[in-house]
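# Architecture at a glance
One-letter residues, chain by chain:
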Amino acid sequence: MARGLLIVFEGCDRSGKTTQSTRLVQALNGAGVAAKLLKFPDRTTAIGTMIDGYLQQKTRLSDQAIHLLFSANRWEAMDQMRADLESGTTLVVDRYAFSGVAFSAAKKMDPRWCRAPDVGLAMPDRVFFLDIHPDDAAKRAGFGGEIYERREMQIEVRAQFSSMMDKSWSVVDALQDADEIHGQILALANEALERHRADPAPIGRLWT
Ligand code: DGP
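Residues numbered from 1 in each chain as written. Predicted model: local features only at pLDDT ≥ 70, side-chain atom pairs only at ≥ 80, totals over all residues. Heavy atoms only, no water.

## Topic: the nonpolar core
Selection criterion: Each nonpolar core is a collection of buried residues, namely Ala, Val, Leu, Ile, Met, Phe, Trp, Tyr and Cys, held together in the definition by side-chain atoms within 4.5 Å. Partly exposed describes any residue whose relative accessible area lies between the buried limit of under 20% and the exposed limit of over 50%, with all areas from a 1.4 Å probe on protein chains only and scaled to the type maximum. Each helix is a run of H or I in the DSSP string that is no shorter than four residues. Each strand is a run of E no shorter than two, and both are numbered from the N terminus. Contacts are assigned to residue pairs that have any heavy atoms within 4.5 Å of one another.
Of all hydrophobic cores here, the largest spans 40 residues; its most connected members are Met81, Val93, Tyr96, Phe98 and Phe161. Listed by contribution, the elements that provide at least two residues to this core are strand E1 (6–11), helix H2 (46–55), helix H3 (63–86), strand E3 (90–94), helix H4 (97–105), strand E4 (126–131) and helix H7 (151–164). By residue number, the principal contributor to this core is H3, which donates 7 residues. When residues no more than four places from it in sequence are discounted, the contact partners of phenylalanine 161 are Glu10, Gly11, Cys12, Arg95, Phe98, Ser99, Ala102, Phe103, Phe129 and Trp169.

## Here we look at the site of the ligand
What counts, and what does not: Here a residue counts as near a molecule or strand whenever at least one of its heavy atoms sits within 4 Å of it. Think of a polar contact as two N or O atoms within 3.5 Å of one another; within protein, one of them needs to be a possible hydrogen donor and the other a possible acceptor, and neighboring residues in sequence only count if both atoms come from side chains. Under the convention used here, a 1.4 Å probe and the Shrake-Rupley method define accessible areas, while residue burial counts only the protein chains that appear. Method remark: on a 1 Å grid restricted to protein atoms, a set of points is classed as a cavity if a 1.4 Å probe fits but cannot get out and as a pocket if it is open with protein on both sides within 12 Å along at least five of seven lines; lining residues have an atom within 4 Å of a point. In this description, a molecule resides in a pocket or cavity if more than half of its atoms sit within 2 Å of the grid points defining it. In this classification, the charged set is Asp, Glu, Lys and Arg, the nonpolar set is Ala, Val, Leu, Ile, Met, Phe, Trp, Tyr, Cys and Pro, and all remaining amino acids, among them Gly, are polar.
Asp13, Arg43, Arg74, Arg95 and Gly100 are the nearest of the 14 residues found near the ligand. Within the contact set of the ligand, an oxygen atom lies 2.7 Å away from a side-chain nitrogen or oxygen of aspartate 13. One nitrogen or oxygen atom from the side chain of lysine 39 is found 3.1 Å from an oxygen atom belonging to the ligand. For the ligand, whose unbound accessible area comes to 490 Å², protein coverage reaches 94%. Placement of the ligand is best described as lying within the largest pocket. Of all the secondary-structure elements, those providing two or more residues to the shell around the ligand are H3 and H4. Ranked by residue count, the leading element in the shell around the ligand is H4, at 4 residues. The residue makeup of the shell around the ligand, split by class, is 5 nonpolar, 3 polar and 6 charged.

By themselves these figures say nothing about function.
Have a look at this one:
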């Protein structure tokens, strides 16, 4: 059996990643594709609880400490992720290590240092980047509640994401109608799944 694909959603805050990643998993499952939704940070674990306290500005942590907690939160999921991928389940992940680099580098931390703790994580097969200007994101409900939801920060985060894009990324205009976005992403995901079925590749590429 071919392994599952690792599909990642990235984007600035309030770009619609959670809505679109959920819809993609529903559509894939509906079409008989084994697919599972994951979200980082996973606030349900002990590490995730610490991250949540920081994001909600209830606790303070140094930039380095919170960076490492975000990475640890991904690592604690990695064994299960590999097992799922190897058993043929496609994983759709709402944020991944790109967010780790983008948010910390936006605070002027050394990008090389920021990449290091995630070295060895499985690299995604496809990344969908939901692109929205922070001025538009700021108009969406809930913006401003957490520590990073500030205009200047989001502008820098967006620039950091841009610097990491390669051919595995697709940039999707997040200002479009949600159904339109879903249709575009589903078509791209199906294309990737078909290519993979025709020529399955093992989990090879790792985060460097
Ligand atoms: P979300 O639950 O997707 O809204 O993410 C919560 C916030 O945490 C959001 O502002 C993005 C930020 N974030 C997500 N992953 C990381 C990470 O790995 N490192 C840092 N520094 N911030 C992250």
